[in-house]
Amino acid sequence: MKGADEVLLAVDVQYDFMPGGALAVARGDEIVPVVNRLTHEFSHVVLTQDWHPRGHVSFAANHAERAPFETMMLPYGEQVLWPVHCVQDTEGALLHRDLHVPHARLVIRKGHHADVDSYSAFVEADRTTPTGLTGYLRDVGVKRVYLCGLATDYCVAWSALDARRAGFDVTVIEDACRAIDLNGSLVKAWEDMTAAGVERIESSALFAR
Ligand code: VGL
Ligand code: ZN
């Protein structure tokens, strides 16, 4: 059992990222039992929840003549335009009901500012607005962040990179993640994470210890 200085961050295990969801991640549902097994190994679990207002800038539908998965320049940089997903207080934004994490301490909701996206659980896409997670984790003495969830190449990768920037040791549990994989984003994400010193493991490595 992992102690208080190691946190499991389960990213965006929500219906809109499951097969059939608004922004479906292929085989995203397969991670749920893996994440459930993992949560038993951690006394400290934190969840994230993508949580957008309906008028969110990342939705293609909120821009004239734009289609999902195109990119667009916004004041803070290039933004992928997504199908409408994880709208606050909708069914699609709910955490998967089979996710069993009674002891999760904190749910960080991100992407709630209408004009800024936030893949990262730590810093919004303007690269300046903190979510507060860094402060929380430092305050409670966390040294290493283990990541699982959806999607590997967006919210998991951005969170992993920001966790490194904040000075945490970081491990991504690969078989407890699934990717969107848009225009080579998955290969790029792993290149960036590896270069940043993110450790990459399979969940079996944790159960064997
Ligand atoms: C995500 C795209 C848009 C994710 C969230 O959870 O990876 N991807 N919003
Ligand atoms: Zn989103």
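Bear in mind the structure is a predicted one, so any value in this text is a computation, not a measurement. (Residues numbered from 1 in each chain as written. Chains lettered and ligands numbered in written order. Predicted model: local features only at pLDDT ≥ 70, side-chain atom pairs only at ≥ 80, totals over all residues. Heavy atoms only, no water.)

Draft legend 1. Structural detail: the packing of aromatic side chains. Counted by the stated rule, this structure contains seven aromatic pairs. Ring centres 5.9 Å apart and planes at 90° place the aromatic pair F69 and W82 in the edge-to-face group. Placement of F69 in the loop between β2 (45–50) and β3 (71–74) and of W82 in the loop between β4 (77–80) and β5 (106–110) is noted, with a sequence separation of 13 residues between them. Residue W82 is classed as buried on the basis of its relative accessible area of 2%. Ring centres 6.2 Å apart and planes at 80° place the aromatic pair W82 and Y119 in the edge-to-face group. With W82 in the loop between β4 and β5 and Y119 in the loop between β5 and α2 (133–139), this pair connects stretches of sequence that are 37 residues apart. Neither W82 nor Y119 differs from the other in exposure class; each is buried. Among the aromatic residues, those joined into a cluster by ring pairs are F69, W82, Y119, Y154 and W158. The aromatic ring of W51 is capped on one face by R109, whose charged end is 3.7 Å from the ring centroid. A cation over an aromatic ring shows up here: R200 above the ring of W190, its NZ or CZ 3.9 Å from the ring centre. (Phe/Tyr/Trp six-rings, centres within 6.5 Å; stacked < 30°, edge-to-face > 60°. Helix = DSSP H or I, 4+ residues; strand = E, 2+ residues; numbered from the N terminus. Buried < 20%, exposed > 50% of the residue type's maximum accessible area, 1.4 Å probe, protein only. Lys NZ or Arg CZ within 6 Å of the ring centre and 35° of its normal.)

Draft legend 2. Representation of the coordination of the zinc ion (ligand 2) within the structure. Every protein donor of the zinc ion (ligand 2) is listed here as D50 (OD), H52 (NE2) and H85 (NE2), and their distances to the metal cover 2.0 to 2.2 Å. Sequence spacing of the donor residues for the zinc ion (ligand 2), all on one chain, is D-x1-H-x32-H. Of the two residues, H52 is situated in the loop between β2 and β3 and H85 in the loop between β4 and β5; the sequence distance between them amounts to 33 residues. This pair shows no difference in class: H52 is buried, exactly as H85 is. (Donors = N, O, S within 2.8 Å, 3.2 Å for Na, K, Ca; no water.)

Draft legend 3. Region of the structure containing the side chain of H96. Turning to its location among the elements, H96 is positioned in the loop between β4 and β5. Within the structure, H96 has its side chain in polar contact with the backbone nitrogen of D98 (distance 3.0 Å). Leaving out residues up to four positions away in the same chain, H96 has contacts with V13, Q14, Y15, M18 and V32. (Polar contact = N/O pair within 3.5 Å; in protein donor to acceptor, adjacent residues only side chain to side chain. Contact = heavy atoms within 4.5 Å.)

Draft legend 4. Representation of the packing of helix α3 (residues 152–165) against helix α4 (residues 185–195). Two numbers describe how α3 lies on α4: the axes approach to 10 Å, and their chain directions differ by 10°. Here α3 is positioned roughly parallel relative to α4, judged by the angle of their axes. Once α3 is placed against α4, the crossing between them reads as left-handed. The residues of α4 that touch α3, namely those facing T152, D153, Y154, A157, A160 and L161, are S185, L186, A189, W190, D192 and M193. Counted by class, the contact of α3 with α4 contains eight nonpolar, two polar and two charged residues. (Axes fitted to C-alpha atoms, helices over the stretch in contact; angles between N-to-C directions. Parallel < 35°, antiparallel > 145°, perpendicular 65-115°, else oblique. Left-handed = near helix turned anticlockwise from the far one by under 90°. Nonpolar A, V, L, I, M, F, W, Y, C, P; charged D, E, K, R; others polar.)

Draft legend 5. Quick peek at the UniProt feature "domain: Isochorismatase-like" (unreviewed entry) in the chain. Per the UniProt annotation, the sites labelled "domain: Isochorismatase-like" (unreviewed entry) are residues 7–200. Each end of residues 7–200 is marked by a C-alpha atom, and these two atoms are 16 Å apart; helix forms 21% of the span and strand 22%. (UniProt positions renumbered as here; feature names shortened; annotations may be inferred.)

Draft legend 6. Layout of the sheet that holds strand β1 (residues 6–11). Spatial ordering of the open sheet is given by β5-β2-β1-β6-β7-β8, a layout of six strands whose pairing is parallel. Two strands close off the open sheet at either side, each with one partner strand: β5 and β8 (199–201). Taking each pair of neighbouring strands and ignoring which way they run, the sheet shows an average axis angle of 25°. Of the strands in this sheet, β1, β2, β6 (144–150) and β7 (169–178) touch helix α1 (residues 31–39), which is tilted by about 140° from β7. (Pairing = 2+ DSSP bridges.)

Draft legend 7. Structural context of the pairing of β2. For β2, the buried fraction is high: six of the six residues fall into the buried class. Looking at chain direction, β1 and β2 are connected through four bridges and run parallel. Looking across to β2, one finds that L9 is bridged to V46. Crossover handedness for the path β1 to α1 to β2: right-handed. As judged from the five bridges shared by β2 and β5, these two strands associate in the parallel manner. Counted as the bridge partner of T48 is I108 from β5. (Right-handed = clockwise from strand over helix to strand, strands pointing away.)

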